[in-house]
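Residue strings, one per chain:
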Amino acid sequence: QNYLDNFWPDLKAAHELFDSIVQARRERESESQENHGKEYPEHLPLEILEAGIKSGRYLQGTLNVNKHRAQLEAFVRLQGFGSKDTG
């Protein structure tokens, strides 16, 4: 803010962009506080997930994503299964 005020006081578009960024950051911080510091809200409470895993309704695994083609290549390795049983 100081930089813009001191060196570019007449550049309205830069001031508007800065204000927009500040407001977006404040909204993100308030959402993060509402979610107890988590960036994304949980889909199901932890207790339900744990009970579902114990009962066999849900499976627990590890998501592996190709760092070079993240939007196209990923697979889940299920815990307790051999490497041939992944899909």
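Residues numbered from 1 in each chain as written. Predicted model: local features only at pLDDT ≥ 70, side-chain atom pairs only at ≥ 80, totals over all residues. Heavy atoms only, no water.

Draft legend 1. Structural view of the overall build of the protein. Within the protein, the regular secondary structure consists of three helices and two strands. Along the protein, from the amino end to the carboxyl end, the secondary structure elements read α-α-α-β-β. Within the protein, the proportion of its 87 residues that are buried is 3%. Of all intrachain contacts in the protein linking residues separated by at least 6 positions in sequence, the fraction that spans at least 24 positions is 0%. Counting only carbon and sulfur atoms, one obtains 53% of the accessible surface of the protein, whose full area is about 8,200 Å². (Helix = DSSP H or I, 4+ residues; strand = E, 2+ residues; numbered from the N terminus. Buried < 20%, exposed > 50% of the residue type's maximum accessible area, 1.4 Å probe, protein only. Contact = heavy atoms within 4.5 Å. Areas by Shrake-Rupley, 256 points an atom, 1.4 Å probe, with all protein chains shown as cover.)

Draft legend 2. Representation of the pattern of salt bridges. Enumeration over the complete set of coordinates arrives at three salt bridges. Across the pair R25 and E29 runs a salt bridge whose closest N-O atoms are separated by 3.5 Å. Taken together, the residues R25 and E29, both in helix 2 (residues 12-34) and four residues apart, mark about one turn of the helix. For E73, the salt bridge goes to R69, with nearest N and O atoms at 3.4 Å. A relative accessible area of 32% places E73 in the partly exposed class. (Salt bridge = Lys/Arg side-chain N within 4 Å of Asp/Glu carboxyl O.)

Functional significance is not addressed by these values, which are geometric in nature.
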